[in-house]
Structure formats: C-alpha cells, structure tokens
Amino acid sequence: MIALYVSWIKWLEANMLTCPSVKYFSIECPGCGIQRSMIALLKGNFSGSLVIYPALVPLLLLCGYALLHLKYKFSDGSKIIIGLQVLVVSIVTAHYIYKIVTHQIFH
C-alpha cells in the first residue's frame, strides 16, 4: 500500500501541469505553486507546503467543510464558508503581492 502511495506521488511529480501564464508570458499567476505545495503536503512536508503556497491548507479546509455542509446542513455553515473564502482569497492575494515585491514572479 505504501509503495502504491509513493508511486502515485512520483507520478504526480512527473505529470504536473504547465502554467499557461509561465509558458507564454514568463510570469507566475496567483495559482502557481499549488501543485508543488500539494505534493509537499502529500509527502508529509507541512512547513514546506506552507512556504510554497500558503493558501493550500485553508483551501483544502474550505473544500472539505463545504462538502460536509452539503451533506449535514450546518446552521451557520454558509457564514463559515464565506469566512473561509475571504481567508483563502486574502492569503492568495497577500502571497502574490509578496512575490511581486520580491521579484519572484518572473521566470
């Protein structure tokens, strides 16, 4: 089972999608890094995942909570989902601004 998991991670690493923004304009988009961050998280490197793309964990929490809310209809579920959305968008925006200021978006 572990060998299957490791081979799946290796397959993901070998078959990552190319960002069209980087390919055609040599500039990273706000979503660049999410695949590498997910692979780091799957490998158990939580801190590395946060460094690569800090919004991934909150985004996964948002998706998980939204799916649970569809099934169980939490009383304040929609408010929590909106709050998580605002958090994720804020983190993505702040991280992208940081990358612009530190000149990390240019390839």
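Details of the structure are given in the entry above.
So, here is what we can say about the structure in this document. All values reported here derive from a predicted model rather than from experimental measurement. (Residues numbered from 1 in each chain as written. Predicted model: local features only at pLDDT ≥ 70, side-chain atom pairs only at ≥ 80, totals over all residues. Heavy atoms only, no water.)

1. As for the packing of aromatic side chains
For the coordinates displayed, the defined rule picks out three aromatic pairs. Ring centres of Tyr-5 and Trp-8 lie 6.3 Å apart, and the angle between their planes is 40 degrees; this geometry places the pair in the tilted category. Residue Tyr-5 and its partner Trp-8 are located together in helix H1 (residues 2–14), separated by three residues, close to a single helical turn. Exposure remark for Tyr-5: the relative accessible area of 37% places this residue in the partly exposed category. Of the aromatic side chains, those joined through ring pairs into one cluster are Tyr-65, Tyr-72 and Phe-74. (Phe/Tyr/Trp six-rings, centres within 6.5 Å; stacked < 30°, edge-to-face > 60°. Helix = DSSP H or I, 4+ residues; strand = E, 2+ residues; numbered from the N terminus. Buried < 20%, exposed > 50% of the residue type's maximum accessible area, 1.4 Å probe, protein only.)

2. Remarks on the side chain of His-69
Here His-69 is to be found in helix H5 (residues 56–72). Excluding residues that lie within four positions of it along the chain, His-69 makes contacts with Phe-74, Gly-77, Ser-78 and Ile-81. (Contact = heavy atoms within 4.5 Å.)

3. Observations concerning unusual backbone geometry
Although it is not a glycine, Lys-73 sits at a positive phi angle of roughly 50 degrees. Even without a glycine there, the phi angle at His-103 is positive, about 60 degrees. In this structure, His-103 sits in the segment after helix H6 (77–101). On the accessibility criterion, His-103 (58% relative accessible area) is exposed.

Everything listed here is a matter of geometry and, on its own, says nothing about what the molecule does.
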